[in-house]
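# Structure assessment
Below are the chains, spelled out letter by letter.
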Amino acid sequence: MFGPQTRRVKLEKQSELRIQVQRTSPLRLRLLDGKAEIFGYELPHEGWVTFPPLMTFAVFTWYGATIEIDGDTENEYISCETPMVNYLEVHNSLLVQRHRVTCSTRDSVSSQGPRVVIVGDTDSGKSTLAKMLLNWAAKDGWKPTFVDLNIGQSSITIPGTVSATPIRMPVDPVEGFPLDKALVHYFGHANPNVNLGLYRTLVEELARELKEEFSGNAESRASGMVIDTMGFIVREGYTLLLHAIRTFNASLVIVLGQEEKLVNDLKKDLKFKKNLQFLNLEKSAGVFSRNSDFRKTLRNNNIQNYFYGVTNDLTVYTKTVKFSDVQVYQIGDFRESSSTSAHQRGNNPLKIIPVTIDEHLLNKVLAISYAKQPHQIISSIVAGFVCIKNVDIGEERITYISPSAAELPSKTLIIGTLTWHVT
Ligand SMILES: Nc1ncnc2c1ncn2[C@@H]1O[C@H](COP(=O)(O)OP(=O)(O)OP(=O)(O)O)[C@@H](O)[C@H]1O
């Protein structure tokens, strides 16, 4: 039996039900008949799907569907006005390019599938469009790579990371992106201005690693990449967009929303870049706008999900080690209270600096680096993250929480300004 809030919703073809889950309780939903998808992920026919508090999403149907909902929502409404047909047209043109690459007789290393960079203001629906393009491609049997450069609201793993992962099947909207094959670099801050030089360098590292990966993997190369960027599109943010487009040798830049100035500026600044196309697409009216406090809450939740799981189903391990068991480093001379970046202060943004262990590590999220030597930290990916929960100066011990029961795979930890507080 279901609660009194259980209800059926009939969706006409090409319409969507937009839902914002309540702040405190989850929501259950199931497909009764027809076909429906959440950002390109087809809802299964059997069973309920549970959505965690605060999640905002749309259930869209191409041909009509009936769904059943159990639980109250913060907000929900049906809309027939969606840009989905335009988004699907982009997917179809990417499919044509992928097939062309597979049939090409050119040398296999130089022929590449589409490299799509999605840009736009904050809350223009960039990550959502990226998910749709990836899910539709995976459903058609391709294995595109998702590149996540959005350190503020990361999709693959915790905030403050620059990462990539191959998509082998449509991504469950609740569980999120698979982490098992992800390449993750730790920037350590939610704002690129803290260390612009490091952000650029990590983007270049990731591009280099993917190039290497694609050179030996024809399927991934033909499937191409979808690259999500930050909503920071002015000043330094704009120069970082140009840098990402060039570094990943983009073939298509999608600008979301009515961003005429951005489109014109990008076209002007990239006019010498060969084979680069631009597309200005409408933003969906369903995209949920998030103020800076809400973004902070989402960042904190994202880290919580890393440790506890989206549905709170993971075991978290608390461990204590001696100060001498770990070495903590920071990259660049950033100062948390300073409004100027290391670069602006004339310091080397890539300098690897040993950090003294003391109370300032409390609640900090540290990455576990695979680097064997400190000078390899920037070029090495990270194994995962821990959060420092106690620093005992007298006993020279730190206590941290980890999603893994195993010993730390490396002694080298990276610190930034990212913190996590239990909610
Ligand atoms: N059609 C829709 N209906 C309901 N919610 C939606 C819809 N499209 C997007 N959303 C929600 O709106 C929020 C913002 O969308 P999204 O993350 O794609 O924007 P963004 O441009 O990537 O944001 P950012 O500025 O952080 O980079 C997300 O929670 C997403 O799930």
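A brief look at the structure comes next. Nothing here was measured: the structure is a model prediction, and the numbers come from that model.

### Topic: the sheet that holds strand β3 (residues 27-34)
What the four strands build is an open sheet, ordered β1-β8-β3-β6; its pairing is antiparallel. Across the chains shown, the open sheet's two edge strands, defined by having one partner strand only, are β1 (7-11) and β6 (49-51). Each strand of the sheet is rotated relative to its neighbour by a mean of 30 degrees, with strand direction disregarded. Strand direction decides the pairing type here: β1 and strand β8 (residues 65-70), joined by five bridges, are antiparallel. If you follow Leu11 over to β8, its bridge partner there is Ala65.

### Some remarks on the environment of His45
Tracing the chain through its elements places His45 in the loop between β5 (41-42) and β6. The partly exposed category is assigned to His45, whose relative accessible area is 46%. Residues in contact with His45, not counting those within four places in the same chain, are Leu31 and Gly34. From its side chain, His45 meets the backbone oxygen of Gly34 in a polar contact 2.8 Å long.

### Details of the pattern of salt bridges
Under the defined criterion, the tally for this structure stands at 14 salt bridges. Between Glu209 and Arg208 there is a salt bridge whose closest N-O contact spans 4.0 Å. Judged by relative accessible area, Arg208 falls into the partly exposed class, the value being 38%. Among the ionic pairs, Lys319 bridges to Glu407, the shortest N-O distance being 4.0 Å. Of this pair, Lys319 sits in strand β17 (residues 317-322) while Glu407 sits in the loop between β22 (397-402) and β23 (412-415); the two residues are 88 residues apart in sequence, bridging distant segments of the chain. What emerges from the salt-bridge pattern is a single network uniting Glu205, Arg208, Glu209 and Glu212.

### A short note on the site of the ligand
The environment of the ligand is made up of 22 residues, and the closest members are Thr56, Asp123, Lys126, Ser127 and Thr128. At the level of secondary structure, the elements contributing two or more residues to the shell around the ligand comprise β2 (15-21), β7 (56-61) and α2 (126-139). Among the residues forming the shell around the ligand, the class breakdown is five nonpolar, 10 polar and seven charged.

### What to know about the packing of helix α1 (residues 84-103) against α2
It is the contact of α1 with α2, at a shortest axis distance of 10 Å, that shows an interaxial angle of 50 degrees. In terms of their interaxial angle, α1 and α2 are classed as oblique. As α1 packs across α2, the resulting crossing turns out to be right-handed. Counting all contacts with α1, which are made through Met84, Tyr87, Leu88, Val90, His91, Leu94 and Arg98, the residues of α2 involved are Leu129, Met132, Leu133, Trp136 and Ala137. Of the residues belonging to the contact of α1 with α2, the class tally is 10 nonpolar, one polar and one charged.

### Section: the packing of helix α5 (residues 235-247) against helix α6 (residues 260-269)
Direction vectors running N to C along α5 and α6 enclose 50 degrees, while the axes themselves pass 11 Å from each other. Here α5 is positioned oblique relative to α6, judged by the angle of their axes. As α5 runs across α6, the sense of the crossing is right-handed. In contact with Tyr238, Leu241, Leu242, Ile245 and Arg246 of α5, α6 contributes Leu262, Asp265, Leu266 and Asp269. Residues of the contact of α5 with α6, tallied by class, amount to six nonpolar, no polar and three charged.

Cut-off values and rules
- The residue numbering used here restarts from 1 in each chain and proceeds along that chain's sequence as written.
- Only residues with pLDDT of at least 70 get local features here, since the model is predicted, and only at 80 or more are side-chain atom pairs given and counted; chain-wide, interface and lining totals rely on the full set of residues.
- Side-chain numbers come from the whole structure's heavy atoms, not from hydrogens or water.
- Between any two strands, pairing holds if DSSP finds at least two bridges.
- Counting from the N terminus, the helices are DSSP H or I runs at least four residues long and the strands are E runs at least two residues long.
- For every element, the axis is a line fit to its C-alpha atoms; helices are fit only across the contacting stretch, and the angle between N-to-C directions ranges from 0 to 180 degrees.
- The buried label applies to any residue whose accessible area, calculated with a 1.4 Å probe on protein chains only, is under 20% of its type's maximum; exposed applies above 50%, and partly exposed to all values in between.
- In what follows, residue pairs with any heavy atoms lying within 4.5 Å of each other are defined as contacts.
- In protein, a polar contact requires one atom able to donate a hydrogen and another able to accept it; more generally it is a pair of N or O atoms within 3.5 Å, and residues adjacent in sequence count only if both atoms are side-chain atoms.
- Salt bridges are defined by distance alone: a side-chain nitrogen of Lys or Arg within 4 Å of a carboxyl oxygen of Asp or Glu.
- Any residue with a non-hydrogen atom lying within 4 Å of a molecule or strand is treated as near it.
- Residues are grouped as follows: nonpolar covers Ala, Val, Leu, Ile, Met, Phe, Trp, Tyr, Cys and Pro; charged covers Asp, Glu, Lys and Arg; every other residue, Gly included, is treated as polar.
- Small angles under 35 degrees read as roughly parallel and large ones over 145 as roughly antiparallel, with 65 to 115 read as roughly perpendicular and the rest as oblique.
- The handedness criterion is simple: a crossing whose near helix is rotated anticlockwise from the far helix by less than a right angle is left-handed, and one whose near helix is rotated clockwise is right-handed.

This is a description of form; function is not addressed.
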